[in-house]
Amino acid sequence: MTPPRARLAVVGAGRMGKVHAANLASRCESATLVAVFDAVPAAAGLLAGRLGVPAAASLDELLSRDDLAGVVVATPTASHAELAATAAAAGKHVFCEKPL
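Below, the structure is looked at part by part. (Residues numbered from 1 in each chain as written. Predicted model: local features only at pLDDT ≥ 70, side-chain atom pairs only at ≥ 80, totals over all residues. Heavy atoms only, no water.)

### Quick notes on helix 4 (residues 80–89)
For helix 4, the set of buried residues is His80, Leu83, Ala84 and Ala87. Projected down its long axis, helix 4 shows its buried positions confined to an angular sector of 95 degrees, all on one face. Exposed positions of helix 4 whose direction lies more than 90 degrees from the buried face are Glu82 and Ala89. Residues of helix 4 that are buried sit in contact with strand 1 (6–11), helix 3 (59–63), strand 3 (70–73) and strand 4 (93–96). Just downstream of helix 4, Gly91 is the residue with a positive phi angle, here 85 degrees. (Buried < 20%, exposed > 50% of the residue type's maximum accessible area, 1.4 Å probe, protein only. Helix = DSSP H or I, 4+ residues; strand = E, 2+ residues; numbered from the N terminus. Arc of directions from axis to C-beta. Contact = heavy atoms within 4.5 Å.)

### Quick look at the state of the cysteines
The bond known as a disulfide is covalent and runs between the sulfur atoms of two cysteines. Tallied over the entire structure, the rule returns 0 disulfides. Free of any disulfide, Cys28 has its nearest cysteine sulfur in Cys96, 17 Å distant. (Disulfide = S-S within 2.5 Å.)

In structure tokens, the structure reads:
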């Protein structure tokens, strides 16, 4: 029996966010992409549409999802600590794509 896949979202739709989102959407056997969020709604919408997942309208909306296990933080370095702490406080697992 195959274990369930972790349901993850990507925060950040820039260069690295696109890479991580695409990998979760099609190349990761243990996780799946369920949503994307970016501070620039158009960027999130484009990436989410390309990958067939919804774009969250806000970080709060994203983190309030009961079906979300964790987030991949792929934003500019200066925002990592705050985003990681906010996601952890919401009870979500956090993968940060580079050091805080």
